[in-house]
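Structural overview
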Amino acid sequence: MSDDRLAALRAEVRAWLSEHLAGRFEPLRWRGHAGDGDALPELRKEWERELAGGGWTCPGWPAEWGGRGLSVAEQVAFQEEYARAGGPGRIGHIGEGLIGPTLIEFGTPAQQQRFLPAIRAGTEFWCQGYSEPQAGSDLANVRTRARREDATGDWLVHGQKVWTSLAHLSDWIFVLARSEEGSTGRHGLIFLLLALDQPGIEIRPIRQIGGGAEFNSVFFDGARARAEHVVGAAGEGWRIATALLGFERGISTLGQQMAFAQELDLVCRIARENGAARSPELRQRIARAWAGLRAMRYLAMRALCDDASREGRLARLGYKYHWSNWHRDLGRLAMDVLGPDGNVVDGDPRRERLRRLFLFSRADTIYGGTSEIQLNLIAEQGLGMPREPRGDRS
Amino acid sequence: MMDLQLTDDQRLIRQQAARLLADRAGPQQLRQTVAAATGFDAALWRTVARQLGWCAMTIAERHGGLGLSLTELSLVVEAAGERLAPLPLWSTACAAAPLLSAVATEEARAAILPRIAAGEIAATVAWGDLGAADPLAATPVTAVPANGGYLLDGLVTQVVDAEAADLVLVPARLAQGLALFALERGAGHETRQIETLDATRQIGALEMRGLRLSADARLDADGFTPRAAASAIATANLGLAAEQVGAARAVMDLTLAYVGERVQFGRVIASFQAVKHRCARLEVDLAEARAMVLGAAANFANAEDDERLLEARAARALASDLLFRAAEESIQLHGGVGFTWEYDPHLYLKRAQAVSALLGSADRHLEAIAEHLLAEACHER
Ligand SMILES: Cc1cc2nc3c(=O)[nH]c(=O)nc-3n(C[C@H](O)[C@H](O)[C@H](O)COP(=O)(O)OP(=O)(O)OC[C@H]3O[C@@H](n4cnc5c(N)ncnc54)[C@H](O)[C@@H]3O)c2cc1C
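Keep in mind that what you see is a predicted model, and the values were worked out from it rather than measured.

Points about the overall build of chain A
Tallying secondary structure elements over chain A gives 11 helices and 8 strands in all. Radius of gyration (C-alpha) of chain A: 22 Å, near the 21 Å computed for a compact globule of 394 residues. Viewed in the frame of its principal axes, chain A has a C-alpha envelope of about 70 × 50 × 45 Å. For chain A, buried positions account for 56% of its 394 residues.

Structure, rendered in structure tokens:
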């Protein structure tokens, strides 16, 4: 990738965003990221279509499906510019980043025709139905049942999903369910696509620690997945579900570092203003945060490298634990810098941003594999240490 | 996006270094080093400096060097750190050569750098304050002009590789500012080796009493400020950080090997999650510190002095902390044998503690970063 082409791409993105992320879209800046996912939903959906109009949804997809076929380096450049401009959290993220690539790889031509264009156009939104009350870290313990209806070949789904982000704003859900009665663990699972707007589905919001409700419980009572909306075959659900998780390679988190840098910058500015910058202890923590963020940037670049060595593998495995803990620590640091003011809900936009950071960063170490699960993966897959013993499945 | 993918050549350099040192600086030889307490393996030094050109890496081709980047140098220094190899490599390649490049006249550089590049000499720097994050802010050495030359006085209590070095670079206080002097072996100064807790690195005292030097022993043109040496101080810190990351890798590997064999309660102790998680957390910290070192090395050529120094300080702060904890955890997870002379973790603990004090402890580097962030407008990346 030539530096010139990258620079040109950056300039193009910047120019487009400064023209379009303005006017009625102005209030969207900085909003709608993890933990704040229910902010300004209607306007953010319109924003998705605005992006689509500019050709900026799904830029990493192949041209065949309306993408720009951008390389990793180009996608990173795009994400960085997007974050730098304060681009809002993407309601379309799950379609663009997770189910879209999964369908491109494993979907039937008919599924691709049916779903990809609407994701690309920002007209259909998706949510992820993996977690259940009894299946969190232990995802293979899902109990939601799918039964094949002989007459139609459709699948009828019963059960409950939980923590389903953006379900209340979405049109479709992909669900990991148990299609083989009596099966346990990774066997006997199926990966289904269901329209949310149908009689057998009820969505109930769950209020979060920040007061909002970006995630939901989704109840299935005979909801229907059409026969042609199975990805892979019955019994292959685990393979598809885990492949989907592999598509998130940290490209968007490299963009998110731009927002992290701005948060740290804000912490520094407030520390200078309110005198916290005179505390030796806070100075150490602020400098440590700066060092950690620099290292994170380089770590992400290394994680994106095609490096099969042990170091390369460990950089990839360690990345999520690193950034999520860094961000959570920054949230606490921000509050410590604010001091007693941190506790006052006064509508001051800068302080409000740091309060949101403090609360919402608590989710970072939980979703997408908790910190403890990340450490297990590093130990087992990275270091070859023995696997965790399992209890019996009930 | 900057490319952090190592090239095939860089990987090869790293592999060759690791292989050579496994053969010539393995656990047996390490014990011999500790017993001999010289902190220097002259035969191994000849191999790496003369035959393999480890000191030539970052020296420009016009000065007989290889004109490679700091990445290649970091990789071999990292490999040396893994083995705690008793070589004046850091002193020569990461401290003396960069300081010459930063403040010496072109004439002086053209005279000395080719000798370093060819591996003819080992060199070191008598930093005025070896423990400071700004090691040139103060120096106990004074110089006064005399008879067309200079008289040097002062005692530098700790100089790394003082005895192994054929050339000691001495920053000295002159009426205005600092000057840099070259002490060739036999110039009339005295060095005395010091017994140190970390017996894998040589430290000596350097004393000059009315030492008479000719005018051409002075290497700078007309004085320099510590600021002018910023890129050299950055390189020296990056080199130490690379060495620390290498040592951390090695001591973590000792731990992993031990916990993978030791059985208690009917299972290898590596199967206990408390043990797994502690090893895994260290891996995250190692990946962080190593990314910082290699990232800063790759960014070095494009960055301004301020940024170079900040990134090197970040690398040092992370790597110092990493190595100490890796060594501490190694002793802990070895149990009783971790407390014995026979097992190696204590060698790494001693190195960890000793190196953490060189050119500024982690908290001093963090304070320097904080000063930068909190004094003026905060810099985004
Ligand atoms: C903001 C947010 C959004 C989310 N969005 C979605 C979504 O859109 N779709 C979806 O499917 N899910 C979503 N999730 C759910 C998320 O994936 C789960 O919360 C996560 O996998 C953890 O599962 P759990 O909540 O059941 O916790 P548990 O698995 O019960 O974990 C509780 C604690 O036990 C620890 N623990 C569990 N197993 C082990 C082990 N083997 N070793 C050591 N410690 C262990 C965990 O680390 C954790 O600290 C979201 C979660 C959050 C917070």
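Moving on from the coordinates now.
What about the nonpolar core?
Core analysis: the largest hydrophobic core is formed by 146 residues, its most contacted members being Val 337 of chain A together with Trp 54, Leu 89, Trp 90, Ile 116, Trp 127 and Leu 219 of chain B. Per-element tally for this core: the top contributor is helix α7 (residues 230-259) of chain B, with 15 residues. Sequence-distant contacts of Trp 54 of chain B, defined by excluding residues within four places in its chain, comprise Ala 17, Leu 20, Leu 21, Val 48, Ala 49, Leu 73, Val 76, Leu 87, Leu 89 and Ala 93 of chain B. One finds Ile 99, Tyr 130, Ile 240 and Leu 244 of chain A within the second-largest nonpolar core, a separate group that totals 27 residues.

With respect to the site of the ligand
Around the ligand, the structure places 18 residues, and the nearest of them are Ser 131, Ser 137, Trp 163, Thr 370 and Glu 372 of chain A. Surrounding the ligand are residues belonging to chains A and B, so the site spans chains. Here an oxygen atom of the ligand sits 2.7 Å away from a polar atom, N or O, in the main chain of Ser 131 of chain A. Within the backbone of Trp 163 of chain A, a nitrogen or oxygen atom sits 2.9 Å from a nitrogen atom of the ligand. Calculation on the ligand without its partners gives an accessible area of 970 Å², and the protein chains cover 67% of this total. For the shell around the ligand, the elements supplying multiple residues, two or more each, are β3 (155-165) and α11 (371-382) of chain A.

Description of the domain arrangement of chain A
By the assigned domains, chain A splits into domain 1 (3-91), domain 2 (126-234) and domain 3 (249-382). Computed over C-alpha atoms, the centres of domain 2 of chain A and domain 3 of chain A are 32 Å apart.

A look at the interface of chain A and chain B
How big an interface is tends to be stated in terms of accessible area lost as the parts join. In this complex, chain A contributes 49 residues to the contact, which on the side of chain B involves 51 residues. Here chain A packs against chain B, burying approximately 4600 Å² in sum over the two surfaces, 63% of which is carbon and sulfur. The largest contributions to the chain A side of the interface with chain B come from Arg 283, Trp 290 and Tyr 298 of chain A, which together make up 15% of the buried area. Put simply, Glu 311 of chain B and Arg 294 of chain A hold a salt bridge, and the shortest N to O gap is 2.4 Å. When contributions to the side of chain A that touches chain B are tallied by element, the ones reaching two or more residues are α3 (72-84), α7 (251-274), α8 (280-304), α9 (310-338) and α11 of chain A. Of the residues contributing to the side of chain A that touches chain B, the split by class is 27 nonpolar, 7 polar and 15 charged.

Quick notes on the domain arrangement of chain B
Residues and elements named next belong to chain B. Here chain B is described as being made up of domain 1 (8-121), domain 2 (125-217) and domain 3 (230-380). Residue-level contacts link 13 residues of domain 2 with 16 residues of domain 3. Regarding the contact of domain 2 and domain 3, the summed buried area is about 1200 Å², with carbon and sulfur atoms giving 60% of it. The largest share of the area that domain 2 buries against domain 3 comes from Ala 133, Asp 198 and Arg 201, three residues that together contribute 43% of it. Scanning the region where domain 2 abuts domain 3 turns up 2 salt bridges. For the salt bridge of Arg 351 with Asp 198, the shortest nitrogen-to-oxygen distance reads 3.1 Å. In this structure, the connection of domain 2 to domain 3 is made through 8 residue pairs in polar contact (both at pLDDT 80 or more).

A short note on α11 of chain A
Among the residues making up α11 of chain A, those that are buried are Ser 371, Gln 374, Leu 375, Asn 376, Ile 378, Ala 379, Glu 380 and Gly 382 of chain A. In the core, the buried residues of α11 of chain A are packed alongside α9 of chain A together with α8 (273-299) of chain B. Residue Gly 384 of chain A follows α11 of chain A closely and has a positive phi angle near 65°.

A short note on the environment of Ala 241 of chain B
As for its placement among the helices and strands, Ala 241 of chain B is situated in helix α7. Filtering out sequence-adjacent residues up to four positions away, Ala 241 of chain B remains in contact with Val 293, Ala 315, Arg 316 and Ala 319 of chain B.

A few points about the pairing of strand β2 (residues 142-146) of chain B
All names here are of chain B. Across 5 bridges, β2 lies against strand β3 (residues 149-160) in antiparallel orientation. Paired with Ala 143 across the strands is Leu 152, a residue of β3. Once β2 ends, the chain turns through 2 residues before running back antiparallel as β3, passing Asn 147 with a positive phi of about 50°.

Brief notes about the pattern of salt bridges
Residue and element names in this part refer to chain A. Tallying each qualifying case throughout the model produces 58 salt bridges over all chains. For Arg 332, the salt bridge goes to Asp 336, with nearest N and O atoms at 3.9 Å. Of this pair, Arg 332 and Asp 336 are both found in helix α9, 4 residues apart, which corresponds to roughly one turn of the helix. With a closest N to O distance of 3.4 Å, Asp 346 and Arg 355 form a salt bridge. For Arg 355, a relative accessible area of 9% corresponds to the buried category.

Brief notes about the environment of Leu 333 of chain B
Residues and elements named next belong to chain B. With respect to the element layout, Leu 333 can be found in helix α9 (residues 305-334). We classify Leu 333 as buried; its relative accessible area is 12%. Taking C-alpha positions, Leu 333 is 9.7 Å from Ala 270, a pair spaced 63 residues apart along the chain. In contact with Leu 333, other than residues within four places in its own chain, are Thr 255, Tyr 258, Val 259, Ile 269, Val 275, Arg 278 and Cys 279.

Side note on helix α11 (residues 362-375) of chain B
Here α11 of chain B contains 14 residues, and its C-alpha end-to-end distance of 20 Å stays within 8% of the 20 Å for a straight helix at 1.5 Å per residue. Listed in full, the buried residues belonging to α11 of chain B are His 365, Leu 366, Ile 369, Ala 370, His 372, Leu 373 and Leu 374 of chain B.

So, the packing of α8 of chain A against α8 of chain B
In the contact formed by α8 of chain A and α8 of chain B, the axes pass within 8 Å of each other and the chain directions differ by 80°. Here α8 of chain A is positioned roughly perpendicular relative to α8 of chain B, judged by the angle of their axes. In contact with Arg 288, Ala 291, Gly 292, Arg 294, Ala 295, Tyr 298, Leu 299 and Arg 302 of chain A of α8 of chain A, α8 of chain B contributes Ala 287, Glu 288, Arg 290, Ala 291, Met 292, Leu 294, Gly 295, Ala 296 and Asn 299 of chain B.

Comments concerning the environment of Leu 383 of chain A
As for its placement among the helices and strands, Leu 383 of chain A is situated in the segment after α11. Given the relative accessible area of 16%, Leu 383 of chain A is considered buried. Sequence separation of Leu 383 of chain A and Ala 243 of chain A is 140 residues, and the distance between their C-alpha atoms is 22 Å. With residues up to four places along the chain from it excluded, the contact list for Leu 383 of chain A reads Leu 314 and Ile 378 of chain A together with Leu 256, Cys 279, Ala 280 and Glu 283 of chain B.

Reading the values: rules and limits
Residues numbered from 1 in each chain as written. Chains lettered and ligands numbered in written order. Predicted model: local features only at pLDDT ≥ 70, side-chain atom pairs only at ≥ 80, totals over all residues. Heavy atoms only, no water. Helix = DSSP H or I, 4+ residues; strand = E, 2+ residues; numbered from the N terminus. Rg over C-alpha atoms; globule rule 2.2 N^0.38 Å. Buried < 20%, exposed > 50% of the residue type's maximum accessible area, 1.4 Å probe, protein only. Core = buried A, V, L, I, M, F, W, Y, C linked by side-chain atoms within 4.5 Å. Contact = heavy atoms within 4.5 Å. Near = heavy atom within 4 Å. Polar contact = N/O pair within 3.5 Å; in protein donor to acceptor, adjacent residues only side chain to side chain. Areas by Shrake-Rupley, 256 points an atom, 1.4 Å probe, with all protein chains shown as cover. Domains from an automatic or database assignment. Buried area = accessible area lost by both parts, 1.4 Å probe. Salt bridge = Lys/Arg side-chain N within 4 Å of Asp/Glu carboxyl O. Nonpolar A, V, L, I, M, F, W, Y, C, P; charged D, E, K, R; others polar. Pairing = 2+ DSSP bridges. Expected span 1.5 Å × (residues − 1). Axes fitted to C-alpha atoms, helices over the stretch in contact; angles between N-to-C directions. Parallel < 35°, antiparallel > 145°, perpendicular 65-115°, else oblique.

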